[in-house]
Amino acid sequence: MHGGAGRIFKEREEGSRAGVVRAALRGYGILKQGGSALDAVEEAVQSMEDDPHFNAGCGSVLNEKGEVEMDAIIMDGKNLDSGAVSAVKCIANPIKLARLVMEKTKHMLLTDRGAHLFAQAMGIPETPGEKLITERCRERWKKNLEPDSNPEEFQKDLGTVGAVAIDSDGNVACATSTGGLSNKLIGRVGDTACIGSGGYADNRSGATSTTGHGESIMKVVLARLILYHMEQGMSPEMAADTALDYMKTRVGGLGGVIVVNNSGEWAARFSTKQMSWATVKDDQLHYGLYAGERYTKSVDEALISESEGF
């Protein structure tokens, strides 16, 4: 799991850590019961869409008109099937809609009104836009409207969410969901909904989910680039670092990634100041927020902490 790369303000650190840990434990619970990687990443991302600490679902940042517009993608490494939605409004869990696009249509990406009509056809309840807006996001939106504001400064405190997983059958999957950039133009779509940029999954190599400056990620097709490096024999960590370094030197973009290869090796890497992340493997939970930070505890211990409020 990742909860977004950037700068995480002090008062949100604990909530960001707790949110990724909670999501990782939920995804792992599905895998432990023999569930699919697809179900695990969808469940984990949904958990974070419901958590107002993150820029996805409830807690998404606002566009220039003060509305929430969200993007999401999910991908199955078994057959390269993928589903995505972009610029969707009034939906609590865009990742669920992305999965339905993948499984119930012949298309891979639905946007705006078309995605809305499809959601209605699928019986997904409409959530009033106001319910997705947090006070923090509304305050930030107002600040960014001031003449001397610097929206770029606030873009650093983002919280795109993502998950990757490998299941007992050796299938990999990825899922990514975001509210995008604060005060963005109406209809702006970033990397998240774009296959190969916001995420990619292929059983032959692995799966990755990205976060960071969307336009930079799209320029280098970051998710696919990482898997390409793994196909050339790099470890997940080296592939992630190499691709992030290329994005930084080539287009000046910063970001973060989570990666798992088809033998279960994983990495969580970022070129920003922080990225909240968590992973579970062999009943061990690992999580962190700063570069070089890595806490470890058993899943049983983590579940007890979780039930007591972390």
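Since the model is a prediction, treat every value here as computed from it, not as a measurement.

### Details of the UniProt feature "binding site: substrate" (unreviewed entry) in the chain
Next, step 1: Per the UniProt record, "binding site: substrate" (unreviewed entry) is found at Arg188, Val189, Gly190, Asp191, Thr211, Gly212, His213 and Gly214.
Next, step 2: Secondary-structure assignment places Arg188 in the loop between strand S6 (172–178) and strand S7 (199–202).
Next, step 3: The exposure class of Arg188 is buried, given its relative accessible area of 14%.
Next, step 4: Apart from the residues within four sequence positions on either side, Arg188 is in contact with Glu69, Asp71, Gly180, Leu181, Gly214 and Glu215.
Next, step 5: One can find Gly190 in the loop between S6 and S7.
Next, step 6: Residues in contact with Gly190, not counting those within four places in the same chain, are Asp71 and Met218.

### Points about the UniProt feature "active site" (unreviewed entry) in the chain
Next, step 1: Within the UniProt annotation, "active site" (unreviewed entry) is assigned to Thr160.
Next, step 2: Of note, Thr160 is situated in the loop between helix H7 (151–155) and strand S5 (161–166).
Next, step 3: For Thr160, a relative accessible area of 7% corresponds to the buried category.

### Here we look at the side chain of Lys297
Next, step 1: With respect to the helices and strands, Lys297 occurs in strand S13 (residues 295–298).
Next, step 2: One buried charge, Lys297, has no salt-bridge partner; the nearest side chain with opposite charge is Glu301, at 5.0 Å.
Next, step 3: In this view, Lys297 contacts Gln284, Leu285, Tyr287, Ala302 and Ser305; residues no more than four positions away in its chain are not counted.

### Quick word on unusual backbone geometry
Next, step 1: Of note in this structure, Leu80 is not a glycine but carries a positive phi near 65 degrees.
Next, step 2: Relative to the elements of secondary structure, Leu80 occurs in the loop between strand S2 (70–76) and strand S3 (81–88).
Next, step 3: The phi dihedral of Asn183 falls on the positive side, at around 60 degrees, and the residue is not glycine.
Next, step 4: Assignment of secondary structure puts Asn183 in the loop between S6 and S7.

Calculation criteria
Residues numbered from 1 in each chain as written. Predicted model: local features only at pLDDT ≥ 70, side-chain atom pairs only at ≥ 80, totals over all residues. Heavy atoms only, no water. UniProt positions renumbered as here; feature names shortened; annotations may be inferred. Helix = DSSP H or I, 4+ residues; strand = E, 2+ residues; numbered from the N terminus. Buried < 20%, exposed > 50% of the residue type's maximum accessible area, 1.4 Å probe, protein only. Contact = heavy atoms within 4.5 Å. Lys, Arg positive; Asp, Glu negative; His and termini not counted. Salt bridge = Lys/Arg side-chain N within 4 Å of Asp/Glu carboxyl O.

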